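Each chain, letter by letter, is given below.
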Amino acid sequence: MVVQEDNPNTGDVLEKTESAPAAPEPAKIFTVEILHMIKDAQQQHGLRHGDFQRYRGYCTRRIRRLRKALKYPQGDKRHFKRRDVTIGQLTGKKADERFIHIPLISAERAWAYAMQLKQESNTEPRKRFHLVNKLRRACFYALQLQELCNTEAFDARTKLECEAYVAWMHGSLHFELQLWKSAGEHLKRAQVVYENLAKALPDDEQELYRAKVNEFTPNLRYCAYNISGGASGGKIDEILELRAQGVLENLDVLVSQTKTESSEGLQTIDWRGRKVTVRPEKVRLFLLSAQELDKSLAKTTKQDAKIELIERILMDCKDAIQAVRDEIKQDPKLRSLTTGQTVSGVQYLLAYLSYIRHSRTLQRNLCLVEQAKLNFDDPNQQSQQNVGDGKRVRSQDLARLYEIILQNVTEMQQITGLEEDSKYQNEVENLAITFKAFRCYYIALTLIDMKKWKEAVALYERASKYANEALKGKASPEFQLQEELKKVVSAIEGCKFSAHAYSVLEDDNSEEAGTTTKSQKTTKPLYERLSLYKEDQSLHTKTPNVFKLTPDMEPIPCKPLFFDLAMNYVELPSLEDKLESPGKKGPSITGFVKGFLGWGGGGNK
């Protein structure tokens, strides 16, 4: 724009040009990978070991450093003045991405404090109120984060991640408040957002988001179960499986509420033809969960998951056994059990729980054996393919596992109250013989690796004997191992003769080695091996090895020592006459000196 003005002094026309306004700078667009950032911080600062207090301390120090670096403190040393992050700090020339980290880390700090209180609330229930307040505070900061991220200063990925983060935080709060419907809606929204993000991202970044999606599944199933009121039997199976996986910490309360009728109906158990009354509530709840374990194991295909399920049941079984023992201690009549005395109901219940514990332990060890066989290359089974990617398993490792199993079977035979049950003892004895067959088989494989063929043949014979004996006996109904025994017997038939052939070849090789040594040079001289014929070429040389000219030194007995023993029996003559009497004194040295010097005597003056 040009403006013409008359200058009164010069009369000239001046042209004044007004500068046009500068073009606005393009606004900065930030990208914040929220899930990736918080996961890295959690793994590096305590959550890898479940230490929420350490992670909370890190968040506090991180916020302090951010505010100091950005020169955005909340007051001074004496006064506090709250200053929340606004959109002004994220736009303009001085926009800084680190401002958005302040509400995010604040939400993480409140959430970590809530999780710490959740761990402590197991022993101090009053802390659950503090827990809920901290989760509300975390949701407050998450909403602040969402309000800032929904502006034009952030890209679409950041907005989606923020939306999923806020939904997850609200879902966690409603889950603790037992608002199952709203909790399920929030968690499902977060799950859908993370699934869509995983599909839109490259393959190398999808794993983190898919893992986060899988974390929502147990809580969503639990919410669905509570929404349905627990009426469906299938849902109950899912809840019991969740409890076995450790997702639910208050299963005892849950089972007592949702299965009250079943728990009341399970007042007695029938085991091996005898009914026993179950009094402790903890034992009844354990028996209910133990009945559902087989269904959960049937749904699980991985051996690691099966082992984890069984180990959690074993922990509950330990608590149930302790409850029965406490009841026995209270009654002095039940403390001792003499031989031939009828086992009482409480003691029989203890025997039943001990049997469950040993049988489940045996089942867990068998899962360990199956897991080890995935990485074991059996030379006697050519059709077997090694599908495992883990550490290679040796035959002695499997033999050691079967040794542990045999110790477990021995403990099953010694359960108090079942010593006189012949049917039970026969089943357990047959089980022990079965595992002895497997142990001998893998010990034989170990001996084959050590080239001890004769010992391996003997172990194969022993394994075949045990296997045939176990097949003839009555198998345990819980452990059906006949098919594996038949495979072992068929494998032994071939490898036994193979080991025998190797042992014969080893003997032949040793004989051939003995004949070839005749032509080998020896260091012994000829006079020391006159009875042995060996071709020694050195005898035809100029220095034949006939006799060693410098003989070796030989030890000889040393000169004997003589001791004068006769001195003790010799009678020596008496020397009393030669000894001076004590009354008679001779001239002393003093008188001699006085006379010599001329004084002290009685002489002439």
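Residues numbered from 1 in each chain as written. Predicted model: local features only at pLDDT ≥ 70, side-chain atom pairs only at ≥ 80, totals over all residues. Heavy atoms only, no water.

The name an unreviewed UniProt entry assigns to the protein is Signal recognition particle subunit SRP68, from the organism Drosophila rhopaloa. The UniProt entry for the protein carries this comment under Sequence similarities (unreviewed entry): "Belongs to the SRP68 family." Here the protein is described in UniProt, under the heading Function (unreviewed entry), as follows: "Component of the signal recognition particle (SRP) complex, a ribonucleoprotein complex that mediates the cotranslational targeting of secretory and membrane proteins to the endoplasmic reticulum (ER). The SRP complex interacts with the signal sequence in nascent secretory and membrane proteins and directs them to the membrane of the ER." (UniProt positions renumbered as here; feature names shortened; annotations may be inferred.)

Counting its regular elements, the protein contains 19 helices and 4 strands. The buried share among the 605 residues of the protein stands at 38%. For the protein, the accessible area works out to roughly 39200 Å², and carbon and sulfur atoms hold 52% of it. (Helix = DSSP H or I, 4+ residues; strand = E, 2+ residues; numbered from the N terminus. Buried < 20%, exposed > 50% of the residue type's maximum accessible area, 1.4 Å probe, protein only. Areas by Shrake-Rupley, 256 points an atom, 1.4 Å probe, with all protein chains shown as cover.)

It is worth spelling out the side chain of Thr446 at this point. Relative to the helices and strands, Thr446 is located in helix 16 (residues 422-449). Non-local contacts of Thr446, meaning those with residues more than four positions away in its chain, are made with Ser395 and Gln396. (Contact = heavy atoms within 4.5 Å.)

If you walk through the whole model with that rule in mind, you get 20 aromatic pairs. With 5.6 Å between their ring centres and 90° between their planes, Tyr72 and Phe99 make a pair best called edge-to-face. Taken together, the residues span a long stretch of sequence, with Tyr72 in the loop between helix 2 (52-69) and helix 3 (101-120) and Phe99 in the loop between helix 2 and helix 3 at a distance of 27 residues. This pair shows no difference in class: Tyr72 is buried, exactly as Phe99 is. (Phe/Tyr/Trp six-rings, centres within 6.5 Å; stacked < 30°, edge-to-face > 60°.)

The next point concerns the nonpolar core. Formed by 77 residues in total, the largest nonpolar core has its most connected members in Phe286, Leu287, Leu349, Leu353, Phe435, Tyr441 and Tyr460. When residues in this core are grouped by element, the largest group, 15 residues, is from helix 16. (Core = buried A, V, L, I, M, F, W, Y, C linked by side-chain atoms within 4.5 Å.)

Let us now look at a nonpolar patch on the surface. Together, Tyr527, Leu530, Val546, Phe547 and Leu549 line one region of the surface with nonpolar side chains, adding up to about 570 Å² of accessible area. Inspection of the secondary structure assignment puts Phe547 in the loop between helix 18 (482-516) and helix 19 (589-597). Using a relative accessible area of 47% as the deciding quantity, one classes Phe547 as partly exposed. (Patch = residues over 30% accessible without salt bridge, like charges linked within 9 Å, V, L, I, M, F, W, Y side chains within 5 Å. Salt bridge = Lys/Arg side-chain N within 4 Å of Asp/Glu carboxyl O.)

Now for the packing of helix 3 against helix 5 (residues 156-176). Contact geometry of helix 3 with helix 5 gives a least axis separation of 12 Å together with a crossing angle of 25°. The pairing of helix 3 with helix 5 is recorded here as roughly parallel in orientation. For helix 3 against helix 5, the interelement crossing comes out left-handed. Across from Leu104, Ala107, Glu108, Trp111 and Lys118 in helix 3, the residues of helix 5 making contact are Tyr165, Trp168, Met169 and Glu176. Classifying every residue of the contact of helix 3 with helix 5 by side-chain character gives 6 nonpolar, no polar and 3 charged. (Axes fitted to C-alpha atoms, helices over the stretch in contact; angles between N-to-C directions. Parallel < 35°, antiparallel > 145°, perpendicular 65-115°, else oblique. Left-handed = near helix turned anticlockwise from the far one by under 90°. Nonpolar A, V, L, I, M, F, W, Y, C, P; charged D, E, K, R; others polar.)

Right, let's talk about the pattern of salt bridges for a bit. For the structure shown, the criterion picks out 17 salt bridges. Here Asp84 makes a salt bridge to Arg82, at a shortest N to O gap of 3.2 Å. The class for Asp84 is partly exposed, based on a relative accessible area of 28%. Residue Arg82 is classed as partly exposed on the basis of its relative accessible area of 45%. The partner of Arg157 in a salt bridge is Glu205, and the shortest N-O contact between them spans 3.4 Å. Taken together, the residues span a long stretch of sequence, with Arg157 in helix 5 and Glu205 in helix 7 (residues 203-227) at a distance of 48 residues.

Next up on the list: the packing of helix 16 against helix 17 (residues 453-472). When two helices pack together, their arrangement is given by the angle between the helix axes and the distance between those axes. Where helix 16 meets helix 17, the closest approach of the two axes is 8 Å, and the angle between their N-to-C directions is 160°. Overall, the two elements helix 16 and helix 17 adopt an arrangement that is roughly antiparallel. With respect to the hand of their crossing, helix 16 and helix 17 are arranged in left-handed fashion. On helix 17, the residues touching Asn430, Ile433, Thr434, Lys436, Ala437, Cys440, Tyr441, Ile443, Ala444, Leu445, Leu447 and Ile448 of helix 16 are Trp453, Glu455, Ala456, Leu459, Tyr460, Arg462, Ala463, Tyr466, Ala467, Glu469 and Ala470. The residue inventory of the contact of helix 16 with helix 17, partitioned by class, reads 17 nonpolar, 2 polar and 4 charged.

Moving on, we get to the environment of Met169. Take Met169: it is sitting in helix 5. Judged by relative accessible area, Met169 falls into the buried class, the value being 0%. For the pair Met169 and Ala190, spaced 21 residues apart in sequence, the C-alpha to C-alpha distance is 9.3 Å. Excluding residues that lie within four positions of it along the chain, Met169 makes contacts with Ala107, Trp111, Ala138 and Cys139.

It is worth spelling out helix 6 (residues 180-200) at this point. Helical geometry: 3.6 residues make up each α-helical turn, so side chains three or four residues apart lie on a common side. Compared with an ideal rise of 1.5 Å per residue, which puts 21 residues at 30 Å, helix 6 spans 30 Å between its outermost C-alpha atoms and is within 8% of the ideal. Along helix 6, the residues that are buried comprise Trp180, Ala183, Gly184, His186, Leu187, Ala190, Gln191, Val193, Tyr194, Leu197 and Ala198. (Expected span 1.5 Å × (residues − 1).)

With that out of the way, let us pick up the pairing of strand 3 (residues 268-271). Side chains of strand 3 alternate between two faces, with Ile269 and Trp271 buried and Thr268 and Asp270 left unburied. For strand 3 and strand 4 (residues 274-277), the ladder comprises 4 bridges, and the chain directions are antiparallel. Its bridge partner lying in strand 4, Asp270 is registered against Lys275. Counting the residues in the hairpin turn of strand 3 and strand 4 gives 2 residues, including Arg272, whose phi is positive at 55°. (Pairing = 2+ DSSP bridges.)

Let us look at a positive patch on the surface. Taken together, the side chains of Arg54, Arg61, Arg64 and Arg65 present a region of like positive charge at the surface. Here Arg61 lies in helix 2. The partly exposed category is assigned to Arg61, whose relative accessible area is 39%. (Lys, Arg positive; Asp, Glu negative; His and termini not counted. Charge placed at Lys NZ, Arg CZ, Asp CG, Glu CD.)

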